[in-house]
Amino acid sequence: MSQDFGVEQGFFGVGTAPVIEGNLVLLNVGGTDGSGVVAFDTGTGETVWKASDDSASYSTPIVATVNGERLAIFYTGDGLLVLEPETGKVRYRYPFRSRIRESAIAASPVLVDDVVFLSATYQIGAVALRLTPTGLEEVWKDEKALQTHWATSIYHEGYLYGMHGRHEGQARFRCVDFKTGEVMWTAEDDYSRVGNTITQRLGRASFIMADGHLIAMGEGGELALIEVSPERHIEKARAKYMDGPVYTPPILAHGLLYIRNERELKCLDLRVKPVTP
C-alpha cells in the first residue's frame, strides 16, 4: 500500500490501524491523490473507494450509528474525519492537529451518543464535538483539560478518565467532566499510597475498565488497580509484572488478563477461586 498510494512515512514510522465494517477494511492510509482513507474489499483486497488527502495517524478508527446513520469516525493526522463507510462520502471534518512535525495522534475517538471526543499531546489538547444533521457543533475545547498521548480515554457515567501528559515524568491520571471539560481531579503526587505501602507514581499507562475499576499497565511494567470515581484518584493495588517499556493496553477475556512488552507475553488469572470449606 505504501508504494501503491505514495504514503509518506510519519515521524514514528507507519503504524495506522484498520477497522472492519461489513465486507470492507477501512484504513487511514495517508496516501496522495485523494487516498487519505481507503476502503478495501475483505475478500479480494481490491480498492473499493478512496477519500480525502488526510495524513495518517496512529489512532484506531471507530464505526457507529449516529442519528440513525452508520458513520466511520477517524482521528487522522490532520483531525476529525467522518465518512459514510459504504461510499467514502465525507460527512464531517474538523482540523485538530499539532503544528509540531515531531508529533503523533494515537488515541482513538471516544463517541458518546452524538458527541465525539478527541485528545492528543504536543500542544493539541481536547475537544468535544456534536454530530448534527446540519454539521458539527463545538461543545467545548480546551488545550489544557486533557492531553492524551496514546492511551484512549474511557467514558463512564458522565466523566472521562484519561492519562494526561506527553512525557513519562509528566503523565498523570485525570478525570474530566464530559459535558464541560472541567477537570475533576488529577493524580498529582509523585508517590501513591496503596494501603500502608507508598509506591512511585505509575507514569504513562494504558488501561481498560472492568467492574468499576481501571486496570492500568504502566510504561515501566507495573500493573495497577484504580477505582473509577469522579471525586478523587483512588489506587487500590499495584504490582510489578514485567520490564518496560510497555505500550500495549491490557486485554481482559473470560477472567484472564493478557499483558505484553516488546519481548514477552503474560497471562494472569483474575478469576475468583472457589472457597474450600
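Here goes a summary of the coordinates provided. Fair warning: this is a prediction, and the values are worked out from it, not measured in the lab.

Before going further, it helps to spend a moment on the pattern of salt bridges. For the structure shown, the criterion picks out twelve salt bridges. A salt bridge links E21 to R70; its shortest N-O distance comes to 2.9 Å. One end of the pair, E21, is in strand β1 (residues 19-21); the other, R70, is in strand β6 (residues 69-75), with 49 residues separating them in the sequence. Of the residues examined, E21 reaches a relative accessible area of 18% and is grouped as buried. Overall, R70 belongs to the partly exposed group, its relative accessible area being 37%. A salt bridge links R238 to E222, with the shortest nitrogen-to-oxygen separation between them at 2.8 Å. Here R238 is found in strand β22 (residues 234-240), whereas its partner E222 is found in strand β21 (residues 222-227), with 16 residues between them in sequence. Put simply, E69, E84 and R91 are held in one network by salt bridges that share partners.

Most of strand β15 (residues 172-177) is tucked away, with six of its six residues classed as buried. Along β15, one buried face is formed by R172, R174 and V176 and the opposite face, lined by F173, C175 and D177, is buried too. Between the end of β15 and the start of strand β16 (residues 183-186), which pair antiparallel, lie five residues, with G181 showing a positive phi angle near 85°.

Reading the values: the criteria
Residues numbered from 1 in each chain as written. Predicted model: local features only at pLDDT ≥ 70, side-chain atom pairs only at ≥ 80, totals over all residues. Heavy atoms only, no water. Salt bridge = Lys/Arg side-chain N within 4 Å of Asp/Glu carboxyl O. Helix = DSSP H or I, 4+ residues; strand = E, 2+ residues; numbered from the N terminus. Buried < 20%, exposed > 50% of the residue type's maximum accessible area, 1.4 Å probe, protein only. Pairing = 2+ DSSP bridges.

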